[in-house]
Amino acid sequence: MKNAILLSICIPTFNRAAYLSLCLSQLAIQLPEFDGLVELSVYDNNSNDKTKQIVAGFIANGLKLKYYRNPKNIGSDKNIAQCYDRSCGQYVLVFGDDDVLTDGSLSRIINAIKQGRSKYGAIYIRAYGFNNDPKNEKPFQFLKSDLEVYDADHFFKQVSTNIAFTSSLVINKSKIPDLYANQFIGSSLVQIYVLYKAVTNAEKSLIIDEYLVAAKRIENRDYAVTDVFSESLNIALSYFVARGLSESTQKNINRKLLWYFYPQFFLTLRCNKEVKACLNESRIKMRARYKYEPLYWLCVYPMLHAPKMIVGFWAVTLIVISRLITGEFGRLYAALKSKMSPNGR
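Just so it is clear, the model here is predicted, and its values are computed rather than measured. (Residues numbered from 1 in each chain as written. Predicted model: local features only at pLDDT ≥ 70, side-chain atom pairs only at ≥ 80, totals over all residues. Heavy atoms only, no water.)

## Concerning the overall build of the chain
- Secondary structure summary: the chain contains twelve helices and nine strands in total.
- The C-alpha radius of gyration of the chain comes to 20 Å, within 12% of the 20 Å expected for a compact globule of 345 residues.
- Judged by the C-alpha coordinates and their principal axes, the chain covers about 60 × 45 × 45 Å.
- Counting over 345 residues, the chain shows a buried share of 52%.
- Contacts spanning at least 24 positions in sequence make up 81% of the contacts within the chain whose residues lie at least 6 apart.
- Summed over its atoms, the accessible surface of the chain is roughly 16,400 Å², and 55% of this surface lies on carbon and sulfur atoms.
- Side-chain charges of the chain comprise 44 positive and 30 negative groups, with the mean position of each set lying 3 Å from the other. (Helix = DSSP H or I, 4+ residues; strand = E, 2+ residues; numbered from the N terminus. Rg over C-alpha atoms; globule rule 2.2 N^0.38 Å. Buried < 20%, exposed > 50% of the residue type's maximum accessible area, 1.4 Å probe, protein only. Contact = heavy atoms within 4.5 Å. Areas by Shrake-Rupley, 256 points an atom, 1.4 Å probe, with all protein chains shown as cover. Lys, Arg positive; Asp, Glu negative; His and termini not counted. Charge placed at Lys NZ, Arg CZ, Asp CG, Glu CD.)

What follows is the structure, given as structure tokens:
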């Protein structure tokens, strides 16, 4: 019998009850239209806050969701891996507990899945950051378009640094009949390995260049960002290069990290007085990884070593330039508006 579930939305969570509540609230609005087509599950990594009560409240109010609570904290990798391994849908979206699927986004995703007729290895959906209100902080877009791509290189180049962002990756699980995500535990990036297998096994994939996900900006992430992006990501990319991905794709992703991602991240790190040890460690690791890249010296080195006054100015300059280069005028406007607003909105 053919599986009727088109999409599994799996939410791994740990001690983020307030964020999870917002995430589920937005899903509860959109799910009734797709009853029987979408499976919603929460994978609780043994939280000791009000996560269990939050989920119970939504179930009591009629939200159809499966709740799995680990008897102990099994680590982020294993919790994410079981999302892929235990989900029942043809496609799987492992969605961040602190992220929000914006109004109409679920309809957009389901329509894309139906349009692809099972041929897409993955569907990438674009995200934007928010601080307080995901609706009011959504950037405007001049153009919205879909792009079909026919090989892993093209897909990875287009998605670039966002290949690590689970909430943007709708992966066709049916393209990986032998999927056992547990084999990628310890990589810190289970989703990338699953993504690569699906994309390479498929005829084509889809990129939806439209803001469908609102990603919560959190200053203190519960993972080592420098380790994940400078080390773990490159281990994964080298693994893919050995299996057919071009070296130029790996270089392009690293260069975009240097001019697009790291400056904003290290600005946040420099402004946090509690992470001095982390900052010193980042200086050592970044130099070791990128010392032969001119973009490191131009974009990252000043962020790690210059006086804070210069760091702030240089970070804003790089953010403006990067948004102009990528055509993200709406995000640039939203960012500048947020900085100038007295209440941070």
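## Observations concerning the packing of helix 8 (residues 247-270) against helix 11 (residues 308-325)
- Where helix 8 meets helix 11, the axes come as close as 9 Å, and the angle between the chain directions of the two elements is 150°. Taken together, the axis directions place helix 8 and helix 11 in an arrangement best described as roughly antiparallel. Classified by chirality, the crossing of helix 11 by helix 8 is left-handed. Between helix 8 and helix 11, the contacting residues are Trp 259, Tyr 260, Pro 263, Gln 264, Leu 267 and Arg 270 on the first element and Lys 308, Val 311, Gly 312, Ala 315, Leu 318, Ile 319, Ser 322, Arg 323 and Ile 325 on the second.
- Within the contact of helix 8 with helix 11, the residues separate by chemical class into nine nonpolar, three polar and three charged. (Axes fitted to C-alpha atoms, helices over the stretch in contact; angles between N-to-C directions. Parallel < 35°, antiparallel > 145°, perpendicular 65-115°, else oblique. Left-handed = near helix turned anticlockwise from the far one by under 90°. Nonpolar A, V, L, I, M, F, W, Y, C, P; charged D, E, K, R; others polar.)

## Side note on the nonpolar core
- Within the largest apolar cluster, 61 residues are counted, with the highest numbers of intra-cluster contacts made by Tyr 84, Phe 155 and Phe 156.
- The next biggest cluster of nonpolar side chains, apart from the first, holds 35 residues, and it includes Leu 24, Leu 27, Leu 31 and Val 55. (Core = buried A, V, L, I, M, F, W, Y, C linked by side-chain atoms within 4.5 Å.)

## Here we look at the side chain of Ser 232
- Mapped onto the elements, Ser 232 comes out in helix 7 (residues 225-241).
- For Ser 232, a relative accessible area of 14% translates into the label buried.
- Excluding its chain neighbours within four sequence positions, the residues that come into contact with Ser 232 are Ser 187, Ser 188, Leu 189 and Asp 227.

## What to know about the pattern of salt bridges
- Scanning the entire structure with this criterion turns up 14 salt bridges.
- A salt bridge links Asp 97 to Arg 16; the nearest nitrogen and oxygen atoms lie 3.0 Å apart. Placement of Asp 97 in the loop between strand 4 (91-94) and strand 5 (99-101) and of Arg 16 in the loop between strand 1 (7-13) and helix 1 (17-30) is noted, with a sequence separation of 81 residues between them.
- On the accessibility criterion, Arg 16 (14% relative accessible area) is buried. (Salt bridge = Lys/Arg side-chain N within 4 Å of Asp/Glu carboxyl O.)

## What about helix 11?
- Under the 1.5 Å per step criterion, the end-to-end length of helix 11 is 25 Å for 18 residues, consistent within 8% with the ideal 26 Å.
- With its phi angle positive at about 75°, Gly 327 sits one or two positions after the end of helix 11. (Expected span 1.5 Å × (residues − 1).)

## Here we look at the environment of Phe 34
- Mapped onto the fold, Phe 34 is located in the loop between helix 1 and strand 2 (38-44).
- Separated by 73 residues in sequence, Phe 34 and Ser 107 place their C-alpha atoms 8.3 Å apart.

## A few points about a nonpolar patch on the surface
- There is a patch of nonpolar side chains on the surface, built from Phe 140, Phe 142 and Leu 143 and spanning about 380 Å² of accessible area.
- Its place among the elements puts Leu 143 in the loop between strand 6 (120-130) and strand 7 (145-149).
- Classification of Leu 143 as exposed rests on a relative accessible area of 69%. (Patch = residues over 30% accessible without salt bridge, like charges linked within 9 Å, V, L, I, M, F, W, Y side chains within 5 Å.)

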